[in-house]
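Commentary on secondary and tertiary structure
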Amino acid sequence: MNRVVLLLIVFLTILSCGKKNRGELIGVRQKKWFPEKPYGMTLIEGGSFIMGKSDEDVARLQNAPARTVTVPSFYMDETEITNSEYKQFVFWVKDSVALALLARKADELELGEDNKDGVGEYAFKDADTSKLSEFQKYMRTNYYDVSEDSYAGRMLNWDTDLQWGTQDYPDQAYSEVMDSLYLPPEYWYDGQMKLDVTKLIYRFTWFDAEAAAAESKKTRQQFIDRKPYIKREEVEIYPDTTVWIKDFIYSYNEPMHNEYFSHPAYQDYPVVGVSWKQAMAFCNWRTHFKNSYQRSKNKPLVNKFRLPSEAEWEFAARGGIPSGVYPWGGPYLLNDRGCFLANFKPLRGDYAADQAVYTVEAKSYLPNDFNLFNMAGNVAEWTSSSYDVNAYEYVASLNPNMSLGRENRKVVRGGSWKDVAYYLRVSSRDYEYQDTSRSYIGFRTVQDYLGISRVKIK
């Protein structure tokens, strides 16, 4: 009897499928997808170009011989990431750290969201298990509660606003938690409480696909254990404001140290004092932040934001002008009215000839033909590429990128407000160590364009 029922089910299943596709290969249909230009970015349509120095190598570095390479289409930030934009990241991390500590305190005190007058209002969203789906209950029982950290994976309550003003603290438990985020009173000055920025840690994971692919090639196995290639990172994300003093010995730059990242006067200026690792953490957060919104609206997830490769950066900086020396194309540093075209150090000891002493706002000067601002000068920019003097000799000609996990030197491009004109050239290469922050290095992000941006049919 059971065998007859089973055969009937199989027959009906085949029959029902046949009605939909008539036995033809029609593929698996998914929701129609339309590319969405990320906010503040511009589309750089891919193509081939001559990467490297096609003119005289003035510095005799011999680290960028000319060669033809090709890059696919991608989106790129029109400006360097500003203080205001990076501060959004810092505030999000600060809030998440505070919410996590408050939720743990509520759990210790066995308080729930029903306690609306105190720290219980910030309890984990899953504190009341009756409100969980069956899958959430399963995950909590089988994964969250048995991990080394009993709070791992618990959902924070982002629906409740945090109170940062001491006069608004709701109870003693809340005060105790918030106090732990600040330095002890002996470290305060000017009558202000000082946040302990070392506690602003962003934790994330990423998959090292290149290392996994190399292992698969070495062992000739199609499938390998992925776990060793899932990397876990913890990064202190607050910018190092002391770079304004450390980078310049016997120089008075204390106002920049005190005000550059905190004062609203500089909110639209490029963020500096950010290491390569911090820039990578920002990219991961930006992807997570956008996809959290996408999930809430039941929309397709976006692909990740990241730092540009060295080849992508140079292609974008050239602005479609193949033989250009600078992003504006020509070999000259002044326009027809005698005004400088970028923020750099034009003369020996003279930082102000271009009307700026330090950095300028991210949308200063004219953009290049891709509508990208300050691809030369203002601040140099991190790329994702590792630095090697001879990299151009052996990287691929298709979307070239030098990526070495053991190499701590990362390529920086574009020159800065304190550099001479040589470093502003689109072909000039420089580097800095990935854990180092500078007062003249910032970054901008890119995102891959999925598909082909334009197809010409003759």
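Values in this document were obtained by computation on a predicted structure and should not be read as measured data.

Scanning the chain for helices and strands turns up ten helices and twelve strands. In terms of its C-alpha atoms, the chain occupies a principal-axis envelope of roughly 90 × 70 × 40 Å. Taken over 458 residues, the chain has a buried fraction of 41%. Sequence separation of at least 24 residues holds for 70% of the intrachain contacts in the chain that already meet a minimum separation of 6.

Pairing between sheet strands relies on hydrogen bonds along the backbone, with the strands arranged either parallel or antiparallel. Taken together, the four strands give an open sheet; going across it, the order is β1-β4-β12-β7, and neighbouring strands pair in antiparallel fashion. Each having just a single partner strand, β1 (41-44) and β7 (305-306) make up the two edges of the open sheet. Sheet analysis places strand β4 (residues 74-77) next to strand β12 (residues 446-448), joined by three bridges and oriented antiparallel. Bridging from a neighbouring strand, Phe-74 pairs with Asp-448 of β12. Packed onto the sheet, helix α9 (residues 310-318) meets β1, β4, β7 and β12 and runs at close to 75 degrees relative to β4.

This structure, assessed with the given rule, holds 18 salt bridges. Note that Glu-312 is salt-bridged to Arg-306, the shortest N-O span being 2.8 Å. Just as Glu-312 is buried, Arg-306 falls in that class too. Measuring nitrogen to oxygen at the nearest pair gives 2.5 Å for the salt bridge that ties Arg-306 to Asp-448. Of the two residues, Arg-306 is situated in strand β7 and Asp-448 in strand β12; the sequence distance between them amounts to 142 residues. Taking the relative accessible area as the measure of exposure, Arg-306 reaches 17% and is therefore buried. Members of the salt-bridge network, linked through shared partners, are Glu-310, Glu-314, Arg-318, Arg-413 and Arg-429.

Before going further, it helps to spend a moment on α9. The buried fraction of α9 is high, at nine of nine residues. Every buried residue belonging to α9 is among Glu-310, Ala-311, Glu-312, Trp-313, Glu-314, Phe-315, Ala-316, Ala-317 and Arg-318, and all of these are buried. One or two steps after α9, the chain reaches Gly-319, where phi turns positive at roughly 65 degrees.

Okay, the sheet that holds strand β10 (residues 430-433) next. Strands sit in the order β10-β9-β8-β11 across an open sheet of four strands; the sheet is mixed. Of all the strands in the sheet, just β10 and β11 (441-442) have a single pairing partner and so form its edges. Relative to strand β9 (residues 409-413), strand β8 (residues 380-386) is paired through three bridges, and the arrangement is antiparallel. Bridge pairing in β9 links Ser-386 to Lys-410.

Low pLDDT means the predicted atomic positions in that stretch should not be read closely. Confidence along the chain averages 87 in pLDDT terms, with 90% of residues attaining 70 or more. The secondary-structure element of the chain with the lowest mean pLDDT is helix α1 (residues 2-21), recorded at 50, while β11 shows the highest, at 98. A low-confidence stretch, residues 4-18 stays under pLDDT 50, and its non-local contacts, those more than four residues away or across chains, total two contacts.

Once that is clear, we can look at the nonpolar core. In terms of nonpolar packing, the biggest core is built from 54 residues, with Tyr-86, Phe-89, Val-93, Tyr-202, Ile-237, Trp-382 and Phe-443 touching the most fellow members. Elements represented by at least two residues in this core include exactly α2 (83-108), α4 (172-179), β5 (201-207), α6 (243-246), α8 (276-296) and β8. Per-element tally for this core: the top contributor is α2, with ten residues. In this structure, Met-76, Phe-315, Ala-316 and Val-395 belong to the second largest nonpolar core, which totals 22 residues.

Right, let's get into the side chain of Lys-53. Mapped onto the elements, Lys-53 comes out in the loop between β2 (47-51) and β3 (67-71). For Lys-53, a relative accessible area of 9% gives the class buried. Only 3.4 Å separates the side chain of Lys-53 from the side chain of Tyr-422, close enough to count as a polar contact. Each residue touching Lys-53, except ones within four places of it in the same chain, is listed here: Asn-63, Ala-64, Pro-65, Ala-66, Tyr-422, Ser-427 and Ser-428.

On the secondary structure map, Lys-217 appears in helix α5 (residues 209-219). Given the relative accessible area of 70%, Lys-217 is considered exposed. C-alpha separation for the pair Lys-217 and Gln-447, spaced 230 residues apart in sequence, amounts to 28 Å.

Conventions adopted
Residues numbered from 1 in each chain as written. Predicted model: local features only at pLDDT ≥ 70, side-chain atom pairs only at ≥ 80, totals over all residues. Heavy atoms only, no water. Helix = DSSP H or I, 4+ residues; strand = E, 2+ residues; numbered from the N terminus. Buried < 20%, exposed > 50% of the residue type's maximum accessible area, 1.4 Å probe, protein only. Contact = heavy atoms within 4.5 Å. Pairing = 2+ DSSP bridges. Axes fitted to C-alpha atoms, helices over the stretch in contact; angles between N-to-C directions. Salt bridge = Lys/Arg side-chain N within 4 Å of Asp/Glu carboxyl O. pLDDT = per-residue confidence, 0-100. Core = buried A, V, L, I, M, F, W, Y, C linked by side-chain atoms within 4.5 Å. Polar contact = N/O pair within 3.5 Å; in protein donor to acceptor, adjacent residues only side chain to side chain.

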